[in-house]
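Below are the chains, spelled out letter by letter.
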Amino acid sequence: MPFEQTNVLQLAPGLRTLQSQGAVHRVRTAEGDEAWLVTGHAQVAQLLDDDRLGRSNPDPEAAAKDSGSALLASLLGDFATDHARLRALLEPHFSPERMLALRPHVEKLTGRLLDELAGQKPPVDLRQTLALPLPIQVMCEWLGVPQEDKDQFGSWTQDAANVGDPVRSKQGLGELFGYCRRLVADKRQNPGDDVISRICATEGITDNEVLGLTALLLFGGYETTVARIGTCVSLLLANPEQWQALLDDPGLVPGAVEETLRMSMPNPHNGGMPRYALTDFEIDGVTIRTGDFVMLNIIAANHDETTFADPGRIDVARDTTGSLVFGRGAYSCVGAMMARMQLQVVLTQLVARFPTMRLAVGVEELGLRHNTLIGGLIQLPVTW
């Protein structure tokens, strides 16, 4: 690893070759450590919600030097070993009622950004004009971060996500935690109708826990959504018949969101969800030993042809019930509903307002960001 990504919208050929040979593979990471890479859908689905795997190595000194794992560990803090408490604290803030209440604001922000887009002369970089600014504005509104701080906070989260530059990542994390510490102190004194204030009001919660949750939400809700908006739109524009299907029937938008999420490409340097074996066990004829580094490759699993016929073809009408894009069971993403809602709003408004939108460059000219944990496109030039 890493596997060469010849087409940013398709599974890396090396990954597909591995997948054709089995479900569990011995690989060497970009950092030079040996690991198990799990690519089969059934196996990834099983191990995502399996208490034989954990986020921390039972022997920290022997842990693989995986920059993504290190960053996640920094963000999770004590929650790395207390996942149940993390979920219990977060889930109330992502309830369907709260997401429904937030949606009109997301629609208003999206409309405003598309007004600005309409005033520009194409070609325009849709990543810069829509994918980057929307999630950060949504997160600021939802969490209770002052809008005037959004640019500063955005640059810190991008620095923190830079796994290619550990010094920059550590500095970004430090700035992010420092900002969150000041923000939490202010919310303790001046609570508002926002998530951070409500977390602060949780009985028995410590300042360090509030700080960790705030940093985790700021980071997780921003970088991932930026990347997903870019890949969602690019997949549809690269397949004009699928874009046309949405024009003909806007009711297909939720399905289009699920299908593009299934196909979304992460950073090719990121082998998957990092886990460590907490005991010896066997899967698909392979013996995993205690302390082994295991990467659950959700993208490969979502391209497993035993679960999804012709997995490299986008089909907005596909049944994506088996998609693992948001994890599974106790380890499913608590922010899934918020991500889905933002993508649905973006697609609905883009299709309605820019029906003739198309890529301004060939797919081969699109590039992936290689130095960040989440990945996503470098830019997305469009015209209409």
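Presented here is a report on the structure given in the accompanying data block. For every chain, the first residue of its written sequence is number 1, and the numbers climb from 1 along that sequence. Given that the model is predicted, a residue must reach a pLDDT of at least 70 before its local features are reported, and side-chain atom pairs must reach 80 or more before they are shown or counted; all residues, however, enter totals for whole chains, interfaces and linings. The side-chain quantities take in all heavy atoms of the structure and omit both hydrogens and water.

### Focus on the packing of helix α8 (residues 150-160) against helix α11 (residues 207-237)
Their axes nearest at 10 Å, the elements α8 and α11 cross at an angle of 85 degrees. Viewed along their axes, α8 and α11 adopt a mutual orientation that is roughly perpendicular. Contact with α8, carried on its side by F153, G154, T157, Q158 and A160, involves L218, F219, Y222 and E223 of α11 and no other residues of that element. Charged means Asp, Glu, Lys or Arg here, nonpolar means Ala, Val, Leu, Ile, Met, Phe, Trp, Tyr, Cys or Pro, and polar covers whatever is left, Gly included. The residue makeup of the contact of α8 with α11, split by class, is five nonpolar, three polar and one charged. Note on method: axes are straight lines fitted to C-alpha atoms, helices fitted across the in-contact stretch only, with angles between N-to-C directions ranging 0 to 180 degrees. Secondary structure elements follow DSSP: runs of H or I no shorter than four residues count as helices, runs of E no shorter than two count as strands, and numbering proceeds from the N terminus. Throughout, the term roughly parallel applies to angles under 35 degrees, roughly antiparallel to angles over 145, roughly perpendicular to angles from 65 to 115, and oblique to all others. The criterion used for residue contact is that any of the two residues' heavy atoms lie within 4.5 Å.

### Description of the sheet that holds strand β8 (residues 293-296)
The strand order across the open sheet built from five strands is β1-β2-β8-β5-β3, with neighbouring strands paired in mixed fashion. Pairing within the sheet leaves two strands with one partner each, and these edge strands are β1 (24-28) and β3 (53-54). Pairs of strands are assigned from DSSP output, requiring at least two bridges between the strands. Summarising the sheet, β3 and strand β5 (residues 273-277) pair through two bridges and their orientation is antiparallel. Among the inter-strand pairings, G54 is bridged to a residue of β5, identified as Y276. Lying over the sheet, helix α1 (residues 13-21) contacts β1 and β2 (34-38), oriented at roughly 140 degrees with respect to β1.

### Structural notes on the packing of aromatic side chains
Paired rings are identified among Phe, Tyr and Trp, the last through its six-membered ring, by centres lying within 6.5 Å, and are further divided according to the angle between planes into stacked (under 30 degrees), edge-to-face (over 60) and tilted (the rest). One pass over the structure, following the stated rule, counts four aromatic pairs. Arranged with centres 5.6 Å apart and planes meeting at 55 degrees, the rings of W156 and Y179 form a pair that is tilted. Residue W156 is located in helix α8, and its partner Y179 is located in helix α9 (residues 166-189); the two are separated by 23 residues in the primary sequence. Both residues of the pair, W156 and Y179, belong to the buried class. For the pair F354 and W384, a centre-to-centre distance of 5.1 Å together with 75 degrees between the ring planes defines the contact as edge-to-face. Of this pair, F354 sits in the loop between α15 (336-353) and β9 (358-359) while W384 is found in the segment after β10 (381-383), placing the two residues 30 residues apart along the sequence. The buried category is assigned to F354, whose relative accessible area is 4%. Only Lys NZ and Arg CZ are tested; either one counts as a charge over a ring when it is within 6 Å of the ring centre and within 35 degrees of the ring normal. Over the ring of W36 we find R26, and its NZ or CZ is 4.5 Å from the ring centre. We note R262 situated over the ring of F308; from NZ or CZ to the ring centre the distance is 5.1 Å. When accessible area is computed with a 1.4 Å probe and restricted to protein chains, residues below 20% of their type maximum are described as buried, those above 50% as exposed, and intermediate ones as partly exposed.

### Quick look at the pairing of β8
Taking every second residue as pointing to the same face, both faces of β8 are buried, with F293 and M295 on one and V294 and L296 on the other. Of the pairings in the sheet, the one linking β5 to β8 comprises four bridges and is antiparallel in character. Paired with M273 across the bridge in β8 is L296.

### What about α15?
Helix length check: α15, at 18 residues, gives a terminal C-alpha distance of 26 Å against a target of 26 Å (1.5 Å per residue), a fit within 8%. With 13 of its 18 residues buried, α15 lies for the most part within the structure. Each residue after the first adds 1.5 Å to the expected span of a helix.

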